[in-house]
Amino acid sequence: MNDSQPILPGLLAPETAHLPGFRLKYLEVFNWGTFDNWWRFALHGENGLLTGDIGSGKSTLVDAITTLLVPAQRITYNKAAGADSRERTLRSYVLGHYKSERHETGTAKPVALRDHNSYSVILGVFYNAGYDQTVTLAQVFWFKDAQGQPARFFVGAERPLSIATDFTRFGSEIPQLRKKLRGLGAEIEESFPKYGAWLRRRLGIENEQALELFHQTVSMKSVGNLTDFVRSHMLEPSDVATRIIALIDHFEDLNRAHEAVLKAKRQVALLTPLVADCQRHDALVTEIDGLRQCREGLQAYFAGLKRGLLDRRIVILNEEWLRLTAQVNRLEGRRDEQRFQVDELKRAVAENGGDRLERLTAEIRKKESLRDARQSKFRRYAELTASVGERAAEDESAFLTQQGRFKTVREHDQQRTADLQNAQTEQELLLRQEKVAYDQLQAEIASLKRRRSNIDDQQIRIRTALCTALNIAEEEMPFAGELLQVHEAEREWEGAAERLMRGFGLSLLVPDNHYRRVVGWVDGNHLHGRLVYFLVRQEKNREDRPSLHSDSLVRKIAIKPDSPHYDWLDRELARRFDVACCTTQEQFLREPRAITRTGQIKEQRRHEKDDRHSIHDRSRYILGWTNTAKIQVLEANARQLEATMKKIAAERDALQSARKGLERRLNALIGLAEFSNFEELDCSSLATELAALIDERRSLESASDLLQQLDRQLKEASGTLASLENELDACKDKRSKKRIARINDSLTQIDYNPGRYITLDFQTTPDAEIRDFQTDLRSCTEGSLTGSEDAQYSEVKFQHVKHIIDRFRGREGVSDQDRRWTTKVTDVRNWFLFAASERWKEDHTEYEHYSDSGGKSGGQKEKLAYTILAASLAYQFGLEFGLEWGAVRSRSFRFVVIDEAFGRGSDESTHYGLTLFQQLGLQLLIVTPLQKIPIIEPFVASVGFVQNEDGRASKLLNLTIEEYRMGRPESSP
């Protein structure tokens, strides 16, 4: 990491003490996107304009602000421009991707300003003038893995920080930066949830939904469906899923009770056959009917009383809001007093021996935690020892002995496993070699079956390629061996003849009329083998065959009678192979050219015997007019080779099975090697110590009456404190539910049009599924308060409840449909539809009704969007009744970013929106190209001008609005 120096001076301005709430004072970035090194955008808490040409880097600064405030999984970078979620990423910002270039493979590759050895920082400072409070938020990014996503940590401080002074000169490692920041009093968090909770508490943001609205405001242009907008941004969701699960669990108890009731009813029916009981039953029924009639006569009377009570309730509810705020303040005061009382009681407990009790309690918890850890380790040790066929040692001596034995067995098993692996590898190599030979043999057999020749397959392929290329029939160019064979009566000399004549038998016989073309083809092609061929010419003056030795090998060879090459072969055999077939060594020694049955060949003084292959191996024979015998030999060899392969595979599998068994035991032995100290497994001694501590604590508690009394008071005070906090939460929740009414009160103070204002209306949804669900709920609960003839038990009501619970569970075959139904009908926000009503201020009569922005002009859509957005921000930021809009002492968050929305609307709607946000006391950062600046200019105090002239690195110029006006050319819009 390089210690970086600031390259721009800070732009500071005096504090603006009249601005309410937390507002952005300045934003700093270091190595962020195309902003290389350190840059500051100073707003001083006032409205600002961020402008520049398209692609200069405006959205890069907006995304820095969004990253500071919004969780990563909720962010879509460059959202206002409609960018794909993968178009810009955190990695691209940290590396500084500024263009793409074509890679050697033809794909696009991004080009970066920085490599993975750099680091990046974004920082924002928020200031609250009313309370003179400063909050700094920052995030630091760096790469642990050059190919991965950036790592980061989060920084929060209740003092102003700057990248130039506080995030540089820390050394070469990120941990040194953490240490430096902690020394400055900053809070360091590793995850956004803790950091997010910290910033919400400091900036006065009540919930995450406010920041979600902040993020959506960046790219908001219009309100589509008003109901969806209000549901998403102005009403808080409730945790219905947990309550449904509990309801289903409770229904199981109800179902069992229902079955018990049905059983009891059957039993009653069987046990009451007596006539007297029947008569008594009739009397009771008559009495019940009379009482029911009396009760039904009272329903109208009680309904009148209920209406009066409801009217009174309406009056009380109208007054309740005024009391709620005072009640919250009173309860907060009582809570603080109760907390002080709890602290006092704790000190009193400590002064009367409670300090020893607290230490004992802490030590007991520590011992219990240690005991649980040892028990867990002992169970693991016992499982591992059982897997190697032994029981776990229960004392240190046995443990040490057992560990020594395990070490010896482990070393033996490691060596044995290696040996088995080597043997298995050797068998697999041998099997592969045999498989290659088997495949070659099968290919040779298949080739032989397609022809009658004994010639090797490789030679046949060369001839086939030659004949195909020259369009010559293969029969016109036979191999010599295809035309020769040993006489049946001379089979004992077949092996010797094959050994002597093999080279000649593999020679191709080329007639004179094909000779020139064959020479050209052979010379011009790579044969992938060896080819010998003879030019065979028909002699006009046929010479007589030379005289042969009486025992000549030629006399034992037959030439195929119908061959056109018969004469040539007859003469060539006499010339080449007129050798004496010797049956005795004396004859062999005497003859100048001789051969024996075992294949020893004599040529004058040269002798040769090639025993690399058996002389009787018919698989290598190449002479003969048919290959039936050779095929039979090769098939027998193939069967033998196949049997050998099966044997090798069986041996390999046996070795593999043995190795896996050893590996399982070896893994257990390696796991046992982790246990080096018996103390980690010793639970019994720890249990003794724990029992002694518990006895001591019990003795101390029973010894002091004063201590027991103080303990009781402490428990009562703690209970009261918890009750007060619950009551306080209930009051706050009740107050929040009335916010929508207060939002409408706020909207009445906004002139939507001259003499008119906007209010939000709601009505129950006409959705059939939700209405049916509400009806089913009423059928389950009606009569439960007023009573009815089946108040204690109703089979019909039970079936109603069961029907709803079954859909909550998910019925077989329609579980997905039921899941969607449950989500829809149990979200109370879906029970209402929302609309906007434009009304006259004079008599509050409706001028126009808006259920969405469809059918409106562009300017009307923009005005409605700005108005509803302003109401949502006032709700989420906690700006109530307009009382806090301009109040300096406000703890609310007041910063809003709007990217290009004001630049796209009409002049009238833009002026309306800016005036509206100014009335709410919100700080605006407006991001827009150079057009629309005359409309926006009166509402901003500073301008950030972004340039990127070379398309590589962005620059930021800070100007006050006066400096901008002075420097603006006359021709600028």
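Residues numbered from 1 in each chain as written. Predicted model: local features only at pLDDT ≥ 70, side-chain atom pairs only at ≥ 80, totals over all residues. Heavy atoms only, no water.

So, the overall build of the protein
Along the backbone of the protein there are 27 helices and 24 strands. With 973 residues in all, the protein has 43% of them scored as buried. Considering only residue pairs separated by 6 or more positions, the protein has 72% of its internal contacts joining residues 24 or more positions apart. With an accessible surface of roughly 53600 Å², the protein has 50% of that area assigned to carbon and sulfur atoms. (Helix = DSSP H or I, 4+ residues; strand = E, 2+ residues; numbered from the N terminus. Buried < 20%, exposed > 50% of the residue type's maximum accessible area, 1.4 Å probe, protein only. Contact = heavy atoms within 4.5 Å. Areas by Shrake-Rupley, 256 points an atom, 1.4 Å probe, with all protein chains shown as cover.)

Digging into the sheet that holds strand β16 (residues 601-603)
The sheet built from four strands is open, its strands ordered β14-β15-β16-β17 with mixed pairing. Where the open sheet ends on each side, the last strands, each with one partner, are β14 (580-582) and β17 (606-608). Mean inter-strand twist for the sheet, computed between neighbouring axes without regard to direction, equals 20 degrees. Bridge analysis of strand β15 (residues 593-596) against β16 gives three bridges, and the strand direction is antiparallel. Residue pairing for β16: arginine 593 is matched across the bridge by glutamate 603. (Pairing = 2+ DSSP bridges. Axes fitted to C-alpha atoms, helices over the stretch in contact; angles between N-to-C directions.)

What about helix α21 (residues 795-809)?
Between its terminal C-alpha atoms α21 stretches 21 Å, which fits the 21 Å expected from 15 residues at 1.5 Å a residue. Taken residue by residue, α21 has Lys797, Phe798, Ile804, Ile805, Arg807 and Phe808 as its buried positions. Just downstream of α21, glycine 810 is the residue with a positive phi angle, here 105 degrees. (Expected span 1.5 Å × (residues − 1).)

Notes on the state of the cysteines
Throughout the structure, instances matching the rule amount to zero disulfides. Residue cysteine 582 stays outside any disulfide, its sulfur separated by 7.5 Å from that of cysteine 581, the closest cysteine. (Disulfide = S-S within 2.5 Å.)

Topic: unusual backbone geometry
With a phi close to 55 degrees, asparagine 31 is a non-glycine residue in the positive phi region. Residue position: asparagine 31 is located in strand β1 (residues 22-32). Within the chain, histidine 44 stands out as a residue other than glycine whose phi angle is a positive 55 degrees. Within the fold, histidine 44 resides in the loop between β2 (35-42) and β3 (48-52).

With respect to a nonpolar patch on the surface
A cluster of nonpolar residues, Leu298, Tyr301, Phe302 and Leu305, forms a patch on the protein surface that exposes about 410 Å² of accessible area. Along the chain, tyrosine 301 turns up in helix α9 (residues 275-387). (Patch = residues over 30% accessible without salt bridge, like charges linked within 9 Å, V, L, I, M, F, W, Y side chains within 5 Å. Salt bridge = Lys/Arg side-chain N within 4 Å of Asp/Glu carboxyl O.)

Observations regarding the packing of aromatic side chains
A complete count under the given rule lists 27 aromatic pairs for this structure. On the basis of an interplanar angle of 35 degrees and a centroid distance of 6.1 Å, the ring pair of phenylalanine 214 and phenylalanine 895 is categorised as tilted. On the criterion of sequence distance, the pair formed by phenylalanine 214 in helix α6 (residues 208-218) and phenylalanine 895 in strand β21 (residues 895-899) is long-range, its members being 681 residues apart. The burial state of phenylalanine 214 is the same as that of phenylalanine 895; both residues are buried. Between the aromatic rings of phenylalanine 773 and tryptophan 831, the centroid separation amounts to 6.4 Å while the plane-to-plane angle is 65 degrees, which identifies the pairing as edge-to-face. In this pair, phenylalanine 773 sits in helix α20 (residues 768-781) while tryptophan 831 sits in the loop between α22 (815-826) and β19 (832-840), placing the two residues 58 residues apart along the sequence. Comparing phenylalanine 773 with tryptophan 831, the two get one shared label, buried. Pairwise contacts between aromatic rings join Phe126, Phe214, Phe893 and Phe895 into one cluster. Here lysine 602 stacks its cationic end above the ring of phenylalanine 588, 6.0 Å away from the centre of that ring. (Phe/Tyr/Trp six-rings, centres within 6.5 Å; stacked < 30°, edge-to-face > 60°. Lys NZ or Arg CZ within 6 Å of the ring centre and 35° of its normal.)

Some thoughts on the sheet that holds β19
Strand order in the open sheet formed by three strands is β18-β19-β20, with antiparallel pairing between adjacent strands. For this open sheet the edge positions go to β18 (756-764) and β20 (846-850), each flanked by a neighbour on one side alone. The sheet shows a mean angle of 30 degrees between the axes of neighbouring strands, taken without regard to direction. Bridging between β19 and β20 involves four bridges; their strand directions are antiparallel. Bridging from a neighbouring strand, arginine 839 pairs with glutamate 846 of β20.

A look at the pairing of strand β11 (residues 508-511)
Where burial is concerned, the two faces of β11 agree: the one with Leu508 and Val510 and the one with Leu509 and Pro511 are both buried. Sheet topology places β11 next to strand β12 (residues 533-536); four bridges connect them, and they run parallel. Looking at the pairing, leucine 508 lines up with tyrosine 533 of β12. Handedness of the crossover is the feature at issue here: the chain leaves β11, passes through helix α13 (residues 515-524), returns alongside β12, and the resulting connection is right-handed. (Right-handed = clockwise from strand over helix to strand, strands pointing away.)

What to know about the side chain of aspartate 818
The residue aspartate 818 is located in helix α22 in this model. Exposure remark for aspartate 818: the relative accessible area of 0% places this residue in the buried category. Here the side chain of aspartate 818 touches arginine 807 through a polar contact of 3.3 Å, side chain to side chain. Among the polar contacts listed, one links the side chain of aspartate 818 to the side chain of arginine 811, at a separation of 2.8 Å. Among all residues touching aspartate 818, those that are not within four sequence positions of it are Asp806, Arg807, Gly810 and Arg811. (Polar contact = N/O pair within 3.5 Å; in protein donor to acceptor, adjacent residues only side chain to side chain.)

Let's talk about the pairing of strand β23 (residues 942-947)
In regular strands, side chains alternate between the two faces of the sheet. Across five bridges, the pairing between β3 and β23 is parallel. Counted as the bridge partner of leucine 50 is glycine 944 from β23. The sheet contact formed by β23 and strand β24 (residues 955-960) spans six bridges and is antiparallel. Residue phenylalanine 945 lies in a different strand from β24, and its bridge partner there is leucine 957.

Digging into the packing of α21 against α22
Following both chains from N to C, one finds α21 and α22 inclined at 115 degrees, their axes separated by 7 Å at the closest point. Compared by their axis directions, α21 and α22 come out roughly perpendicular. From α21, Asp806, Arg807 and Phe808 reach across to α22, where they touch Asp818, Trp821, Thr822 and Thr826. Of the residues contributing to the contact of α21 with α22, the split by class is two nonpolar, two polar and three charged. (Parallel < 35°, antiparallel > 145°, perpendicular 65-115°, else oblique. Nonpolar A, V, L, I, M, F, W, Y, C, P; charged D, E, K, R; others polar.)

Some points on the confidence of the model for the protein
On average, residues of the protein score 82 in pLDDT, and 82% of them are at 70 or above. Segment residues 1-15: pLDDT under 50, and 38 contacts once partners within four positions in sequence are set aside and those in other chains are kept. (pLDDT = per-residue confidence, 0-100.)

A look at the environment of asparagine 830
For asparagine 830, the location among the structural elements is in the loop between α22 and β19. Along the chain, asparagine 830 and threonine 227 lie 603 residues apart, while their C-alpha atoms are 8.9 Å from each other.

Concerning the pattern of salt bridges
Any two side chains of opposite charge can pair, so long as their charged atoms come close to each other. Summed over all chains, the structure comprises 45 salt bridges. The partner of aspartate 457 in a salt bridge is arginine 461, with the nearest N and O atoms 2.2 Å apart. Here aspartate 457 and its partner arginine 461 are both found in helix α11 (residues 457-470), four residues apart, which amounts to about one turn of the helix. Among the salt bridges present, the one from arginine 807 reaches aspartate 818, with a minimum N-O distance of 3.3 Å. With a gap of eleven residues between them, arginine 807 in helix α21 and aspartate 818 in helix α22 connect regions that are remote in the sequence.

Here's the deal with the side chain of arginine 178
Looking at the secondary structure, you find arginine 178 in helix α4 (residues 174-183). Given a relative accessible area of 15%, arginine 178 falls into the buried group. A distance of 2.3 Å separates polar atoms of two side chains, one belonging to arginine 178 and the other to glutamate 190. Once you skip the residues sitting within four places of it in the chain, arginine 178 turns out to touch Trp142, Phe153, Ile188 and Glu190.

Focus: the nonpolar core
Across soluble globular proteins, nonpolar side chains show a tendency to be buried alongside one another. Counting residues in hydrophobic clusters, the biggest one holds 84 residues, and the most contacted among them are Leu69, Leu137, Phe893 and Phe895. Among the elements that take part in this core, helix α23 (residues 858-876) stands out by supplying eight residues, more than any other. Not counting chain neighbours up to four residues away, the residues in contact with leucine 137 comprise Leu68, Leu69, Ile122, Leu123, Gly124, Phe126, Val155, Tyr195, Trp198, Leu199 and Leu203. Residues Leu483, Leu527, Phe577 and Leu623 belong to the second largest nonpolar core, which totals 45 residues. (Core = buried A, V, L, I, M, F, W, Y, C linked by side-chain atoms within 4.5 Å.)

Notes on the packing of helix α1 (residues 58-69) against helix α5 (residues 192-203)
Look at α1 against α5: their axes get within 9 Å of each other, and the N-to-C directions meet at 95 degrees. Taken together, the axis directions place α1 and α5 in an arrangement best described as roughly perpendicular. From α1, Thr67, Leu68 and Leu69 reach across to α5, where they touch Phe192, Tyr195 and Leu199. Here the residues of the contact of α1 with α5 sort into five nonpolar, one polar and no charged.

What about α5?
The end-to-end C-alpha separation of α5 is 16 Å, in line with the 16 Å expected for twelve residues at 1.5 Å each. Taken together, the buried positions of α5 are occupied by Phe192, Tyr195, Gly196, Trp198, Leu199, Arg200 and Leu203. Just downstream of α5 lies glycine 204, where phi reads positive at about 75 degrees.

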